[in-house]
Amino acid sequence: MREKILQRTRRLGILFLAALMLVSGCGTGKESGEQVKTDAPELPGLACIGQVQTEYAECFAIYNYEGGYQLLEVKDGDRYLLIPEDKEAPEGLDEEIILLQKPLDHIYLAATSAMALFRGLDAVDAIRFSGTDVSGWYIEEAAEALNDGRMLYAGKYSEPDYELLLEEGCDLAIESTMILHSPKVQEMIESLGIPVFTDRSSYEPRALGRTEWIKVYGALTDKSEEAEVFFRNQTDLLCEMEDFENTGKTVAFFYISESGYVVVRKSTDYVADMINTAGGTYVFSDLEGDGNASSSVNLSMEEFYAAAADADYLIYNSTIQEPVNTMQELLDKDEVLADFKAVQEENVWCVGKNMYQATDITGEFILDIHKMLKGEGPEEMTFLTPIVE
């Protein structure tokens, strides 16, 4: 399925310039990649010529300036000035702006969800260091690069190999928000002269908002046009889903932690958005948690039972744990699940570990959910597997 998507993306590349002249028929109605006039931040000696339009993403903004400079702002995060190769930062720049000097081709990637977006850009070679070893990757290109030495394992985000990063000339560390829990690690990386960029795509409330972060990585790797083409391909796929009617079927997405809590997603999370887009109804429609930034909420089994016992479908989240393959394996986690409607009617599915890393084919997960809701089998599904006796 992914190969079909990539083939389609290549075909769309030929029509890229024409595509930018069309207005999208779904989503926000705004044209992807459009340069819009904006109240951009003022930078000394640089004139802003527009802003990259976003359709779904809410957590970043990219401003274009004369001379090929770009300012990248991340919501609740930092500001980064992307400096073209062979050019310098303007004098008098705000000291809080982080400078990213191109080319950026020796990147340390500790944010695993971003790898698929580099793959979508055909820019995996820009990543020299991985924060995940070969056994932890479900993306072929990453595993192959590690196996043949084009990519080096440089330790996980909390324990990077500082010496390796320094000796091999790391020019950027891309971290997930987990780095916020290890501030001393970030300080150490920055003390080596390596700028740190924190990916906050997991905070996006819309599924395609996560995918739209491909525009961020397109800007970092000088592949903005490729990013626009790829993202348009995904929005085109969503346009095909705009006629999905709500099936009236309710869905719970969860896993049970080692401590016995049921971990579910907030109603504002992108997973809830995917379920609703697919024609279902997320059972926790008003679950906003305790106000923290996490996308998940821990519930007691009693709380989970009250909300999800009558759900039409259960989807077990195995992106963190080992997959659940049988009903007995599910019931071994908590026998109370035997009383759930979806268990009794054998409408329980499992999403595998590749889901979190596959930010480049978000539309495929939505299609899988839609097929599930319509009673279709797992044939040609990308992410979902039925849990059977």
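Since the model is a prediction, treat every value here as computed from it, not as a measurement. (Residues numbered from 1 in each chain as written. Predicted model: local features only at pLDDT ≥ 70, side-chain atom pairs only at ≥ 80, totals over all residues. Heavy atoms only, no water.)

Q: Describe the overall build of the protein chain, naming the residues involved and giving the relevant values.
A: A tally of helices and strands in the protein chain yields 15 helices and 18 strands. When the 389 residues of the protein chain are sorted by exposure, 54% land in the buried category. Taking contacts inside the protein chain between residues at least 6 apart in sequence as the whole, the part at least 24 apart equals 60%. For the protein chain, the computed accessible surface area is about 17,700 Å², with 46% contributed by carbon and sulfur atoms. (Helix = DSSP H or I, 4+ residues; strand = E, 2+ residues; numbered from the N terminus. Buried < 20%, exposed > 50% of the residue type's maximum accessible area, 1.4 Å probe, protein only. Contact = heavy atoms within 4.5 Å. Areas by Shrake-Rupley, 256 points an atom, 1.4 Å probe, with all protein chains shown as cover.)

Q: Describe the confidence of the model for the protein chain, with residues and values.
A: A low pLDDT score tells you not to read the predicted coordinates there in detail. Taken over all residues, the pLDDT of the protein chain has a mean of 87, while the share at 70 or more is 87%. Note on residues 1-32: pLDDT is under 50 here. Beyond four places in sequence and across chains, it has 53 contacts. (pLDDT = per-residue confidence, 0-100.)

Q: Can you explain the pairing of strand β15 (residues 296-299)? Please cite residues and give values.
A: Residue alternation in β15 divides its side chains into a buried set, Val297 and Leu299, and an unburied set, Ser296 and Asn298. The pairing of strand β13 (residues 262-265) with β15 spans four bridges and is antiparallel. Bridge pairing in β15 links Val262 to Leu299. (Pairing = 2+ DSSP bridges.)

Q: Give me the lowdown on helix α11 (residues 301-308), citing residues and values where you can.
A: When α11 is considered as a whole, its buried residues turn out to be Met301, Phe304 and Ala308. One side of α11 holds all its buried residues, which, seen down the axis, span an arc of 60°. Looking at α11, the residues exposed on the side facing more than 90 degrees away from the buried face are Glu302 and Ala306. Close packing links the buried residues of α11 with β12 (250-256), β13, β15 and β16 (313-317). (Arc of directions from axis to C-beta.)

Q: Report on the sheet that holds strand β7 (residues 107-109), specifying residues and quantitative values.
A: With parallel pairing, the five strands of this open sheet are ordered in space as β9-β8-β7-β10-β11. Two strands close off the open sheet at either side, each with one partner strand: β9 (152-153) and β11 (196-198). Here strand β8 (residues 127-130) runs beside β9; their pairing, made up of two bridges, is parallel. The residue of β9 that forms the bridge with Ser130 is Tyr153.

Q: Tell me what's going on with the pattern of salt bridges, and back it up with residues and numbers.
A: Under the criterion given, the structure shown has twelve salt bridges. The closest approach of N and O atoms between Lys215 and Glu228, which form a salt bridge, is 3.8 Å. Placement of Lys215 in helix α8 (residues 214-220) and of Glu228 in helix α9 (residues 224-239) is noted, with a sequence separation of 13 residues between them. Given the relative accessible area of 10%, Glu228 is considered buried. One network of salt bridges, with partners in common, ties together Asp125, Asp148 and Arg150. (Salt bridge = Lys/Arg side-chain N within 4 Å of Asp/Glu carboxyl O.)

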